[in-house]
Amino acid sequence: MSAVTDEQDALTGLRVAVLGPGGVGGLLAALLARAGASVTCLASAGTAERLRTAGVRVESGHFGDFTTPVDAAERLTTPVDVVLVCVKATHLDDALERVPADVLGDALVVPLLNGVEHVGLLRRRYPEAGVVPATIRVESTRTEPGVVRHGSPFVTVDLVAVDGLGQRVRRLADALQQAGVTTRVGDDEQAALWGKLNFLAPLALLTTAAQATAGEVRESRREDLVAIVGEVAAVARAEGAPADEEQVVDFFDGVPAGMRSSMQRDAAAGRPIELDAIGGAVVRAATRHGVAVPVTARYVDELRERHPGS
Ligand SMILES: NC(=O)c1ccc[n+]([C@@H]2O[C@H](COP(=O)([O-])OP(=O)(O)OC[C@H]3O[C@@H](n4cnc5c(N)ncnc54)[C@H](OP(=O)(O)O)[C@@H]3O)[C@@H](O)[C@H]2O)c1
């Protein structure tokens, strides 16, 4: 990636591959391509063909409805500056077959999956690359291959400027910002990843177990909610991240009553759920640190039984 001089230059010549052009990936691919970046989506043969011929269609109250041409392929065959990893955790291993380490070289790899453990997995798999922990806050659904419905009135990405990658991370942040994505750059990896999990893990476990909305579970499962939030916060602190359980419960109480989690939607649709990447990761970190998480573990076990293989 060439040096950045000012924000105007960020998109010019930026080569981005998007692995998994679904709700998150399709939206980011379309926004970046519309703003002038060179975008290649990496997808299955059928989806890639559809994207090459029809582009990515975005339906969004926030950004408007638009269709943007993108390039698409089944595998990364030429170098890029950035790979955005946007598959679900349940598809990560298979999808990474599309990104050979020797083609990737020292490019930035920016995973936008929920969870925490994928960062280490990517660093082990791509030791030459610059793996940048990141999170995304958005509600965006792939309604069919190449078509994305963006429902939230925002999309916010948090990137961590890992040592030695600061300039390249800031260029990517500028590019995303220019494309319409609110982007923040921090320097605390654990704070970024656990900051999201602190709220997401309780929301996902409770709403999926109850097959109910956030508004319903905060009434009917209040004790479990407070317990899980406290347990995840204790694990986050053990991992070196700041966590404030009262703030998380207050936030939970403030979200729209009808809010659902994507884990719950996946469970209801009979799709694999990201239980291991979200709940499993909390329990494993707790075990490593000797932190007791009985309520979280009970929910994870119960959901594993109901969704074998998750
Ligand atoms: N959606 C949201 O609002 C949201 C918000 C915050 C965080 N997240 C997190 O972001 C991650 C992605 O979620 P998502 O909702 O964007 O998922 P998604 O809509 O299901 O999209 C996943 C994409 O990955 C593709 N894919 C699956 N297996 C693949 C493979 N082997 N090779 C290449 N592509 C493959 C799918 O392709 P096809 O289109 O061909 O099926 C699909 O386009 C998850 O970890 C999720 O928790 C999502």
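Residues numbered from 1 in each chain as written. Predicted model: local features only at pLDDT ≥ 70, side-chain atom pairs only at ≥ 80, totals over all residues. Heavy atoms only, no water.

(A) Geometry of the site of the ligand. For the ligand, the set of nearby residues contains 26 residues, the closest of which are Thr 47, Arg 98, Ser 140, Arg 142 and Glu 274. In the model, an oxygen atom of the ligand is placed 2.5 Å from a nitrogen or oxygen of the Thr 47 side chain. The side chain of Glu 274 places a nitrogen or oxygen atom 2.7 Å from an oxygen atom of the ligand. For the ligand, the protein covers 85% of the area, taking 890 Å² as the surface of the free molecule. Every element with two or more residues in the shell around the ligand is listed here: helix H1 (23-35), helix H3 (92-96) and strand E10 (140-144). (Near = heavy atom within 4 Å. Polar contact = N/O pair within 3.5 Å; in protein donor to acceptor, adjacent residues only side chain to side chain. Areas by Shrake-Rupley, 256 points an atom, 1.4 Å probe, with all protein chains shown as cover. Helix = DSSP H or I, 4+ residues; strand = E, 2+ residues; numbered from the N terminus.)

(B) Looking closely at the domain arrangement of the chain. Annotation of the chain at the domain level lists domain 1 (7-187) and domain 2 (191-306). Each of domain 1 and domain 2 was reduced to a C-alpha centroid, and the two centroids are 26 Å apart. Taken residue by residue, the interface counts 15 residues in domain 1 and 16 residues in domain 2. In total, domain 1 and domain 2 occlude about 1400 Å² of area from one another, counting both sides; carbon and sulfur atoms represent 59% of this. Three residues, Asn 114, Val 116 and Glu 117, lead the burial of domain 1 against domain 2; their summed loss comes to 38% of the area buried on that side. Two residues, Glu 117 and Arg 284, come together in a salt bridge whose shortest N-O distance is 2.8 Å. Here domain 1 and domain 2 share 5 residue pairs in polar contact (both at pLDDT 80 or more) between them. If one sorts the elements of the side of domain 1 that touches domain 2 by residue count, strand E9 (residues 134-137) sits on top with 4 residues. Residue composition of the side of domain 1 that touches domain 2, by class: 7 nonpolar, 4 polar and 4 charged. (Domains from an automatic or database assignment. Contact = heavy atoms within 4.5 Å. Buried area = accessible area lost by both parts, 1.4 Å probe. Salt bridge = Lys/Arg side-chain N within 4 Å of Asp/Glu carboxyl O. Nonpolar A, V, L, I, M, F, W, Y, C, P; charged D, E, K, R; others polar.)

(C) Just the UniProt feature "domain: Ketopantoate reductase N-terminal" (unreviewed entry) in the chain, in detail. The feature "domain: Ketopantoate reductase N-terminal" (unreviewed entry), as given by UniProt, occupies residues 16-152 in the numbering adopted here. What you have in residues 16-152 is 29% helix and 31% strand, and the ends, taken at the C-alpha atoms, are 24 Å apart. (UniProt positions renumbered as here; feature names shortened; annotations may be inferred.)

(D) Geometry of the packing of aromatic side chains. Counted by the stated rule, this structure contains 2 aromatic pairs. Summarising the aromatic geometry, the rings of Phe 199 and Phe 251 are spaced 4.9 Å apart at their centres and angled 85 degrees between planes, so their arrangement reads as edge-to-face. Of this pair, Phe 199 sits in helix H7 (residues 189-210) while Phe 251 sits in helix H10 (residues 245-254), and the two are 52 residues apart along the sequence. Judged by centre distance (5.5 Å) and plane angle (65 degrees), the rings of Phe 199 and Phe 252 are edge-to-face. Of this pair, Phe 199 sits in helix H7 while Phe 252 sits in helix H10, and the two are 53 residues apart along the sequence. With relative accessibility at 0%, the residue Phe 252 sits in the buried group. The lysine or arginine in question, Arg 34, covers the ring of Phe 66, its NZ or CZ lying 4.0 Å from the ring centre. (Phe/Tyr/Trp six-rings, centres within 6.5 Å; stacked < 30°, edge-to-face > 60°. Buried < 20%, exposed > 50% of the residue type's maximum accessible area, 1.4 Å probe, protein only. Lys NZ or Arg CZ within 6 Å of the ring centre and 35° of its normal.)

(E) Local environment of the pattern of salt bridges. Inspection of the entire model under this criterion finds 19 salt bridges. In this structure, Arg 298 and Asp 224 form a salt bridge, with 3.6 Å as the shortest nitrogen-oxygen distance. Placement of Arg 298 in helix H13 (residues 294-306) and of Asp 224 in helix H9 (residues 222-238) is noted, with a sequence separation of 74 residues between them. On the accessibility criterion, Arg 298 (43% relative accessible area) is partly exposed. Of the residues examined, Asp 224 reaches a relative accessible area of 18% and is grouped as buried. Measuring nitrogen to oxygen at the nearest pair gives 2.6 Å for the salt bridge that ties Asp 276 to Arg 304. Residue Asp 276 is located in helix H12 (residues 275-289), and its partner Arg 304 is located in helix H13; the two are separated by 28 residues in the primary sequence. Connected via shared salt-bridge partners are Glu 117, Asp 276, Arg 284 and Arg 304.

(F) Looking closely at the packing of H12 against H13. It is at 9 Å that the axes of H12 and H13 come closest, and there the two elements cross at 145 degrees. When the axes of H12 and H13 are compared, the crossing they make is left-handed. Within the contact between the two elements, H12 uses Leu 275, Asp 276, Gly 279, Gly 280, Val 282, Val 283 and Arg 284 and H13 uses Thr 296, Ala 297, Val 300, Leu 303 and Arg 304. Of the residues belonging to the contact of H12 with H13, the class tally is 6 nonpolar, 3 polar and 3 charged. (Axes fitted to C-alpha atoms, helices over the stretch in contact; angles between N-to-C directions. Left-handed = near helix turned anticlockwise from the far one by under 90°.)

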